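Tertiary structure, described
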Amino acid sequence: AQSVTQLDSHVSVSEGTPVLLRCNYSSSYSPSLFWYVQHPNKGLQLLLKYTSAATLVKGINGFEAEFKKSETSFHLTKPSAHMSDAAEYFCVVSDLNDMRFGAGTRLTVKP
Amino acid sequence: DAGVTQSPTHLIKTRGQQVTLRCSPKSGHDTVSWYQQALGQGPQFIFQYYEEEERQRGNFPDRFSGHQFPNYSSELNVNALLLGDSALYLCASSSSGAGPGYEQYFGPGTRLTVT
């Protein structure tokens, strides 16, 4: 069985400062990992994905994530937060048969 | 190119009633998955349809059923509604040929409220 743990339910940063959203996973296989973002009253949008290629994955809107197998982590980062980044972020682990979402991290960006 | 579309956007039902939600996948996609997202939680997988058959199912009771049509669109049916069924229902589409770690494209969801 696979699972995902997002270590922070809420993260608050100031505009222009770095963002770190933490995710640990558990999987019996070599998993695929994703980060999705959900803005209020909107559907989920894919930010980036890892599928056993480069361990540092670059996504849209300046986000990137690093796959660390030894730490079973897939943390999401961005060098400089923008007000428009305020949203709910979900870390997802997937194999061919199952897709598991974390509980989500709400990112607040202060002016 | 239209993305994933869902209808209706909002729905209010009474406990015990039945409801049908609809989803049209992104152009070129043949696989549809349904998720339930309760308030303040991450989406939970209900089931996936491919070639008009249920291919996988999450931990949901038989009150939740679905259908996929030849044009790949899909319906989610929920019978005997409970208050706890109130949630955002998300549809996601993908391509069966996408390979391991397929990415899914999500619709905006249907907000179901059961009173």
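Above this note sits the structure.
Residues numbered from 1 in each chain as written. Chains lettered and ligands numbered in written order. Predicted model: local features only at pLDDT ≥ 70, side-chain atom pairs only at ≥ 80, totals over all residues. Heavy atoms only, no water.

Residue and element names in this part refer to chain B. Here we have 4 strands laid out as an open sheet, ordered E1-E3-E8-E7, and antiparallel in their pairing. A strand with exactly one partner marks an edge of an open sheet, and here the two such strands are strand E1 (5–7) and strand E7 (64–68). Strand-to-strand twist across the sheet, computed as the mean angle between neighbouring axes with direction ignored, equals 20°. Both strand E3 (residues 19–24) and strand E8 (residues 74–78) contribute to a ladder of 5 bridges, which runs antiparallel. Residue pairing for E8: Leu21 is matched across the bridge by Leu76. (Pairing = 2+ DSSP bridges. Helix = DSSP H or I, 4+ residues; strand = E, 2+ residues; numbered from the N terminus. Axes fitted to C-alpha atoms, helices over the stretch in contact; angles between N-to-C directions.)

Right, let's talk about the side chain of Asn77 of chain B for a bit. Residue and element names in this part refer to chain B. On the secondary structure map, Asn77 appears in strand E8. On the basis of relative accessible area, Asn77 is assigned to the buried category, the value being 15%. A distance of 2.7 Å separates polar atoms of two side chains, one belonging to Asn77 and the other to Thr20. Every residue in contact with Asn77, bar those within four places of it in the chain, is listed here: Gln18, Val19, Thr20, Arg63, Phe64, Ser65 and Gly66. (Buried < 20%, exposed > 50% of the residue type's maximum accessible area, 1.4 Å probe, protein only. Polar contact = N/O pair within 3.5 Å; in protein donor to acceptor, adjacent residues only side chain to side chain. Contact = heavy atoms within 4.5 Å.)

All names here are of chain B. Secondary-structure assignment places Gln6 in strand E1. Of the residues examined, Gln6 reaches a relative accessible area of 9% and is grouped as buried. A distance of 3.0 Å separates a polar atom in the side chain of Gln6 from the backbone oxygen of Tyr89. Within polar-contact distance, the side chain of Gln6 engages the backbone nitrogen of Gly109 at 2.9 Å. When sequence neighbours within four positions are dropped, the list of residues in contact with Gln6 reads Arg22, Cys23, Trp34, Tyr89, Leu90, Cys91, Gly107, Pro108, Gly109 and Thr110.

What tends to happen in soluble globular proteins is that the nonpolar side chains get buried as a cluster. If you look at the biggest cluster of nonpolar residues, it comprises 26 residues, and the most contacted ones within it are Trp35, Leu48, Phe74, Leu76 and Tyr89 of chain A. The dominant element in this core, judged by the number of residues it contributes, is strand E10 (residues 87–94) of chain A, at 4 residues. Those residues in contact with Leu48 of chain A, other than ones at most four positions away along the chain, are Leu33, Phe34, Trp35, Val57, Lys58, Gly59, Phe63, Glu64, Ala65, Phe74 and Leu76 of chain A. In this structure, Cys23, Val32, Phe47 and Ala87 of chain B belong to the second largest nonpolar core, which totals 20 residues. (Core = buried A, V, L, I, M, F, W, Y, C linked by side-chain atoms within 4.5 Å.)

Reports of interface size often rely on the accessible area that becomes lost once the parts have come together. Taken together, the contacts link 19 residues of chain B with 19 residues of chain A. Both sides together, the interface formed by chain B and chain A hides about 1,400 Å², and carbon and sulfur atoms give 54% of it. Taken together, chain B and chain A are joined by 1 salt bridge. One salt bridge in this structure joins Glu103 of chain B and Lys49 of chain A, with 2.7 Å as the shortest N-O distance. Our enumeration of links across chain B and chain A arrives at 3 residue pairs in polar contact (both at pLDDT 80 or more). At the level of secondary structure, the elements contributing two or more residues to the side of chain B that touches chain A comprise strand E4 (31–37) and strand E9 (87–94) of chain B. In the side of chain B that touches chain A, the residues fall into 9 nonpolar, 9 polar and 1 charged. (Buried area = accessible area lost by both parts, 1.4 Å probe. Salt bridge = Lys/Arg side-chain N within 4 Å of Asp/Glu carboxyl O. Nonpolar A, V, L, I, M, F, W, Y, C, P; charged D, E, K, R; others polar.)

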